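# Per-entry structural report
Take a look at the letters that make up each chain.
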Amino acid sequence: MAVAAHDLTQLEERVRKAAGVPTRTGDGVVELLPGSLREVARAQAVKGMLGQDAERVVVSLVAFDRIEAPDPAACTIRVGAGANLGEVEATLQGWALTLGWLSPKARSLTVRDWLEGRHAGLRAVPGNRLESAALSLGVALRSGGLFVTPAAPRSSGGPMLETLFLGRGGQAGTLVEAQLRALPRPELEETFHALVERPEDVVLLLRGVAASDVRPVEVHTRRKGRGFAVAITVATYAFRARRDRALVEGLLKGRGEPRAVGQVGGGAPEFEGELGWDRLAGAIGSAGPLGIYRIARESVVVAARAPVKGAVALDSPPEPLPAPLLGILDGAGQEVA
Amino acid sequence: MSRPVHRLPARALPASTPEARALLRDASRIVDGRASIEPTDRLAYARDLWPKGLIWARSGQTPSPPELIVWPESLEEVRELTLLAARLGVPLVPFGAGSGLCGGTVALHGGIVLDLKRMSRVVALDPDAPEVECEAGILGERLERELGRKGLSTGHLPSSLGCSTVGGWLATRGAGQCSGRYGKIEDMVASLTVVDGRGEIVVAARRPRPGWETPGLFLGSEGTLGTICRARLHLVSVPEARAFQAFAFSGVRAGLDALRAILRAGLRPALARLYDPVDSQLFARGYESGAVHKRGLLRDRFDEGVMLPLERLASRAAAAAAFGLNRAADLLRECLLLLVFEGDSALVELEAEEAARVCAAAGGEDRGAEPAQTWLQNRYAEPFRQSRIFDAGAFLDRLEVAGTWERAVEIYERVRDAVSPFALVGCRFDHARVEGCALEFTFVGSAGSLEQVERRYDDLWRSALAAARAAGATFSHHHGVGVARLNAFKSQVGDGLVLMRALKATFDPAGIMNPGKLGA
Ligand SMILES: Cc1cc2nc3c(=O)[nH]c(=O)nc-3n(C[C@H](O)[C@H](O)[C@H](O)COP(=O)(O)OP(=O)(O)OC[C@H]3O[C@@H](n4cnc5c(N)ncnc54)[C@H](O)[C@@H]3O)c2cc1C
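On a predicted model such as this, the values are computed, not experimentally measured, just so you know.

Residue and element names in this part refer to chain A. Looking at chain direction, strand 13 (residues 215-224) and strand 14 (residues 227-236) are connected through 9 bridges and run antiparallel. What sits directly across from valine 219, in strand 14, is isoleucine 232. Inspection of the sheet shows strand 13 paired to strand 17 (residues 290-293) by 3 bridges, in the antiparallel sense. Counted as the bridge partner of valine 219 is isoleucine 292 from strand 17.

Structural data, given as C-alpha cells:
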C-alpha cells in the first residue's frame, strides 16, 4: 500500500491516524513519537507500509531514555534504550551496584549502542566469564510484532533468541527498552605494580590472577627500559582482601619485580577492540601504552592510541545477518500488515 | 506443523513399511550397517524419561515410534545421513542418552532417530586455556573422568551426569548442580560444530571470531536446527577443598533473604540450595538417623530415608488426600539451607566464615556440616530410584521455573497453590544468582487408574505452568521444552515465534530436523 503524499502535512495526518501516536514535523520529515514498546511496533509497521514515503518518516525513540530506580532485591535496573550508560552507572553506584567494569569508550555509549553494537552488552562477571548485562529486552521486531524476553536469571526455553539482537546492530528489530543486570560493587579496589621482562609474562600474570579467583578489572602496560611496566587493578571484598593481596603479590614476584613504576596508563585511547588471549602478548609487545579491560576467559578488550593488530574494533559494524533470514522477517511483516 | 503424539499399544507396533526397509538399506550403506528397524529398538527409542512416557509405558502404550535408528560414528556420517533425510523428506531426531524429561526425543512425525553415543571422543584438550573439544555423544561421567585425570572439570555436573550427553546438555541448555558458581552449559561454550538441516557444517564460535552464527542460536535448539556434533568447552580446575554448611530458617522468606544476602556479600557458593518446609522434611529424613557415612550404608539410608517415605506419600497423595497433605504441610516452618563452597582452601575457609556470619545475622540456626556432606555423597543417586514410585501406580515429576528475587515468593506461592489439589508438592530454591534463582518443584501424586493418573498429571502441569507464568516466571530453567512445555514456549515467545521460524527456514529449509518441536 504505497502512499503518494506530496505534502508533509497530509503525510503527517495519515501516519498519525494509522499509528495512533503523536507526531511532529521538521527538517522535511514527519516524526512519529511513540511512548511505549507497543506503539513503537505499530509506528514501525505503519512506516513499513509507506513505500517511497517511508524516507520522509522517522520513528523517534526520544521517549526511551529513562532510567528507573534499581530493584534492590534483584539488583536490576530498567532503562530505555536511549539512556546513557554513564548515567545508568551513576544511578547504580548510589545503590552500591555497578554494571561491571566497562572500557572507557563503552562508558559513554547509549544502552542501545552498547547492546546492539559489537560490545553486545557483555561484561566480565565473577568466575572470569563473559555475560550479557541484558536480563530482558523489549524489541519492536522488523516483522512488526513485539518481543519481550523473560526476565529470569537463566532459562532453557528454546534457542537464545536474544542473540539475534545483542551485537546485531538492530538488523532484526529495534531495541526499545531493557532490564539490565547489575553486580554488587565490591568494597575495595587495589592496584599493584610490577616490572616484567616479556609481554608473555604479562599474559601469564593475568591468567594466573584470574585462575586464582581474583578479579582483575583493569590492567595498564607500557614498555619501560627493556621490559614492561604493569599496573593491575583488582576488585575485592573486605573478608578476602588479605588473601587476594597475598596471591597477587606472590604472582607478581614469580613473574617479575613488584615495584612502583610510575604512571602506566597513557592518555585517552583512540582505539578499542576485542582480542583473543592468543594475540594478547603480541599486542602488548607491539602497541604503545595499552589498557586491558573486560578481562574474561573468552577474550579481553584492549584500548590503545592506534588500532591493535588482531583486535576487532568495537565500533565496527556487526556481522550482517543473512539476507534470506531478514527476508523471512520482512515477509512476516507484510503478512502482519 | 505439530500434531498430537500417537499412542499405540506396544504390542501393536506397526510393522516396518517397505519405505522403512529401503531407508534402512540406504542408511546402512552410510553407517556401515549400524542401523536398525527392529521393533525392540524402535520401542526403546520411542521415548525419553518424560514421566508421561513412563505412564504410557506402564499402560502398555508407546508414543509415535521412529521407523529407523542409526548410530553414526563421525561428523561426515551425520552429514550424509542428513543429506539423505533431506532428499527423502524424512524427519531426523538427534538422540543423546534419552534422559530428557520433556519428550524432546519423541519422534512426533516418525522418521530416523540419530543416536550419537558412538561419537564420544575427546578430540583435543588444552590444559593452558583450559578448554576441551569433544564429540557431542560423550556421556558426562566419562568426560569428567577424562578431564579429572588432568585436574580439570567442565563444572557442569547435572544429577543425570551418568546418563546424559554433552550434546543433550547443549541442546536443552542444561544446568549442573553448581551452576550458581560455574554457570549453565551456555556459559561454558567456546564453539559448536553443527551439521544443520541442509547438511552443511556450521562452526558457531563466540566472538571475536568471525561469522554471524553464534553458539546461542543452537544452544537450546533441541535438535530442530541441526545436529550438534562437537563442542569446545571452557574448563575449570577440580577444587582443592570444600566446606559444608547447613542453616535452618523459620519460613521461606527468611531463608530467601539469607540466600540473597550471601550472594550480595560477594560469596560464590558451589551449592546454595534452600528447601521449603516440605522438601526440608523429606530431605532431612535422608540423614537424620545417625552419623555413619560408610559407602553402601548411605545408599540404604537414602532409600529408607527419602524414597520409601516418598512412595508411602505417593500412595496416600491420591485425590482428596493431596490437598489435605499440602494444607497440613503449611503448619511446617523450618527451611533448610545447604551451602557448599569449593576452590582453594584459603578462600573456601574465608567464604564459609563469611557465610556463617551472614546466616547468623539473618536468623539462621547452624546445623553443622553433615546435611551438605550427605547431599554431596548422594548427588547422583536420586535419579535412578524414581521408577519405584511409578510402579506403585503413582507419579513423580519436577518443574523447574526461574524468576528474579522480587518475584520468588509469589512464584512459589502461586505454583504451590495451583498444584496443591493434585499432588503433594515441595520446592527447592536453587541455582541462585545475584538477580534470582530457579524454583524446582517436586510433585508426588496418584489416582485410581492409569487413565486417571494421566489426566491428573496433565491437569497438574497445565495449572502449574499457568500459575508460573502469571507470577512472572519463565517456564523452564534447565529441562528444556520438548513436547511437555510446547504450549508454554509458544505463549511466552509470542510474536517472537517468527524468529524461530526464520532460523528454521535458514538452517533447515526442508523441515526435517525434529519436526513439530519448538513451534517450527
Ligand atoms: C534423574 C534425572 C536427573 C536430571 N537432572 C538434571 C540436572 O541436574 N540438570 C539438567 O539440566 N537436567 C537434568 N535432567 C534432564 C536431562 O538429563 C537433561 O535434559 C540432559 O541435558 C539431556 O541429555 P541427553 O543426552 O539425555 O539428551 P536427550 O534426552 O537424548 O535429548 C534431549 C533433547 O536434545 C536433543 N539432542 C540431544 N543430543 C543432541 C545433539 N547432539 N544435537 C542436537 N540435538 C540434540 C534431542 O533431540 C532432544 O530434543 C535430569 C534427568 C533425569 C532423568
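On to the pairing of strand 16 (residues 334-343) of chain B, then. All names here are of chain B. Counted residue by residue, strand 16 has 9 buried out of 10 residues, so it is predominantly covered. Across 10 bridges, the pairing between strand 14 (residues 241-250) and strand 16 is antiparallel. Its bridge partner being in strand 16, arginine 242 is matched across the sheet by glutamate 342.

The next thing to look at is the interface of chain A and chain B. With 66 residues of chain A at the contact, the number on the chain B side is 72 residues. The contact between chain A and chain B buries some 5,600 Å² in all, and 58% of this surface belongs to carbon and sulfur atoms. The three residues of chain A that bury the most area against chain B are Arg154, Ser156 and Phe239 of chain A, which together make up 13% of that side's buried surface. Our count for the chain A to chain B interface comes out at 7 salt bridges. Close ionic contact of arginine 181 of chain B with aspartate 213 of chain A constitutes a salt bridge, the shortest N to O distance being 2.6 Å. Counting across the chain A and chain B interface gives 25 residue pairs in polar contact (both at pLDDT 80 or more). Sorting the residues of the side of chain A that touches chain B by element identifies strand 4 (76-80), strand 7 (129-132), strand 8 (134-141), strand 9 (146-148), strand 16 (271-275) and helix 8 (323-336) of chain A as the ones contributing at least two each. Residues of the side of chain A that touches chain B, tallied by class, amount to 38 nonpolar, 13 polar and 15 charged.

Residues and elements named next belong to chain A. Considered domain by domain, chain A is made up of domain 1 (5-59), domain 2 (76-185 + 318-330) and domain 3 (188-306). Using C-alpha coordinates to define each centre, domain 2 is positioned 27 Å away from domain 3. Between domain 2 and domain 3, the residue contacts involve 19 residues of the former and 19 residues of the latter. Here domain 2 and domain 3 share an interface that buries about 1,600 Å² over both sides, 52% of which is from carbon and sulfur atoms. If you sort the residues of domain 2 by the area they bury against domain 3, Trp101, Asn128 and Leu130 come out on top, with a joint share of 41%. For the pair domain 2 and domain 3, the number of links is 1 salt bridge. Here arginine 185 ties to glutamate 189 by a salt bridge, and the two come within 3.5 Å at their closest N and O atoms. Where domain 2 touches domain 3, the interface holds 7 residue pairs in polar contact (both at pLDDT 80 or more). At the level of elements, strand 6 (122-125), strand 7 and strand 11 (183-184) are the ones that each hand at least two residues to the side of domain 2 that touches domain 3. Classifying every residue of the side of domain 2 that touches domain 3 by side-chain character gives 11 nonpolar, 3 polar and 5 charged.

On to the environment of arginine 407 of chain B. Positionally, arginine 407 of chain B belongs in helix 15 (residues 405-419). Given the relative accessible area of 24%, arginine 407 of chain B is considered partly exposed. The contacts of arginine 407 of chain B, once residues within four sequence positions are left out, are Arg78 and Ala151 of chain A together with Ala471 and Gly472 of chain B.

With respect to topology, 8 strands assemble into an open sheet ordered 15-12-14-13-17-18-16-19 (chain A), the strand pairing being antiparallel. The open sheet has two free edges, formed respectively by strand 15 (256-258) and strand 19 (312-313) of chain A, since each of these has just one partner strand.

Let us look at the confidence of the model for chain B. Residue and element names in this part refer to chain B. When the pLDDT values of chain B are averaged, the result is 90; 89% of them are 70 or greater. This stretch, residues 287-302, has a pLDDT under 50; its non-local contacts, to residues over four places away or in other chains, come to 27 contacts. Across the predicted assembly, pTM comes out at 0.94 and ipTM at 0.92.

In helix packing, the relevant descriptors are the interaxial angle and the interaxial distance, both defined with respect to the helix axes. Residues and elements named next belong to chain B. It is at 10 Å that the axes of helix 3 (residues 51-58) and helix 16 (residues 450-470) come closest, and there the two elements cross at 170 degrees. Judged by the angle between their axes, helix 3 and helix 16 are roughly antiparallel. Seen along the crossing, helix 3 lies across helix 16 with a hand that is left-handed. Mapping the contact onto sequence places Pro51, Lys52, Ile55, Trp56 and Arg58 in helix 3 and Leu450, Val453, Glu454, Tyr457 and Asp458 in helix 16. Taken together, the residues that form the contact of helix 3 with helix 16 break down as 6 nonpolar, no polar and 4 charged.

A few words on the domain arrangement of chain B. How big an interface is tends to be stated in terms of accessible area lost as the parts join. All names here are of chain B. Each domain of chain B was delimited in the assignment, giving domain 1 (7-115), domain 2 (122-237) and domain 3 (241-470). Taken residue by residue, the interface counts 13 residues in domain 2 and 13 residues in domain 3. Together domain 2 and domain 3 conceal approximately 1,300 Å² of surface at their shared face, both sides included; 45% is due to carbon and sulfur atoms. Looking at the side of domain 2 facing domain 3, the largest losses of area belong to Ser159, Gln177 and Arg181, adding up to 53% of the total buried there. Applying the counting rule to domain 2 against domain 3 returns 6 residue pairs in polar contact (both at pLDDT 80 or more). Considered class by class, the residues forming the side of domain 2 that touches domain 3 number 7 nonpolar, 5 polar and 1 charged.

The final tally for this structure, using the stated rule, is 56 salt bridges over all chains. For arginine 181 of chain A, the salt bridge identified is with glutamate 435 of chain B, shortest N-O distance 2.7 Å. You can see arginine 181 of chain A sitting in strand 10 (residues 173-181) and its partner glutamate 435 of chain B sitting in the loop between strand 19 (424-430) and strand 20 (436-446), one on each of two chains. There is no split in this pair, since arginine 181 of chain A and glutamate 435 of chain B are both buried. Across the salt bridge formed by arginine 428 of chain B and aspartate 430 of chain B, the nearest N and O atoms sit 3.9 Å from each other. The pair formed by arginine 428 of chain B and aspartate 430 of chain B is uniform in burial state, with each residue classed as buried.

For helix 6 (residues 241-255) of chain A, spanning 15 residues, the distance from its first C-alpha to its last is 21 Å, which sits close to the expected 21 Å at 1.5 Å a residue. Turning to helix 6 of chain A, its buried residues are Ala241, Arg243, Asp244, Val248 and Leu252 of chain A. For helix 6 of chain A, the buried positions fall inside an angular range of 165 degrees around the axis, keeping them on one side. The exposed set on the far side of helix 6 of chain A, more than 90 degrees from its buried face, consists of Arg242, Lys253 and Gly254 of chain A. Lining the buried residues of helix 6 of chain A we find strand 12 (188-196), helix 5 (199-211), strand 14 and strand 15 of chain A together with helix 12 (345-361) of chain B.

What counts as what
- Residues numbered from 1 in each chain as written.
- Chains lettered and ligands numbered in written order.
- Predicted model: local features only at pLDDT ≥ 70, side-chain atom pairs only at ≥ 80, totals over all residues.
- Heavy atoms only, no water.
- Pairing = 2+ DSSP bridges.
- Helix = DSSP H or I, 4+ residues; strand = E, 2+ residues; numbered from the N terminus.
- Buried < 20%, exposed > 50% of the residue type's maximum accessible area, 1.4 Å probe, protein only.
- Contact = heavy atoms within 4.5 Å.
- Buried area = accessible area lost by both parts, 1.4 Å probe.
- Salt bridge = Lys/Arg side-chain N within 4 Å of Asp/Glu carboxyl O.
- Polar contact = N/O pair within 3.5 Å; in protein donor to acceptor, adjacent residues only side chain to side chain.
- Nonpolar A, V, L, I, M, F, W, Y, C, P; charged D, E, K, R; others polar.
- Domains from an automatic or database assignment.
- pLDDT = per-residue confidence, 0-100.
- Axes fitted to C-alpha atoms, helices over the stretch in contact; angles between N-to-C directions.
- Parallel < 35°, antiparallel > 145°, perpendicular 65-115°, else oblique.
- Left-handed = near helix turned anticlockwise from the far one by under 90°.
- Expected span 1.5 Å × (residues − 1).
- Arc of directions from axis to C-beta.

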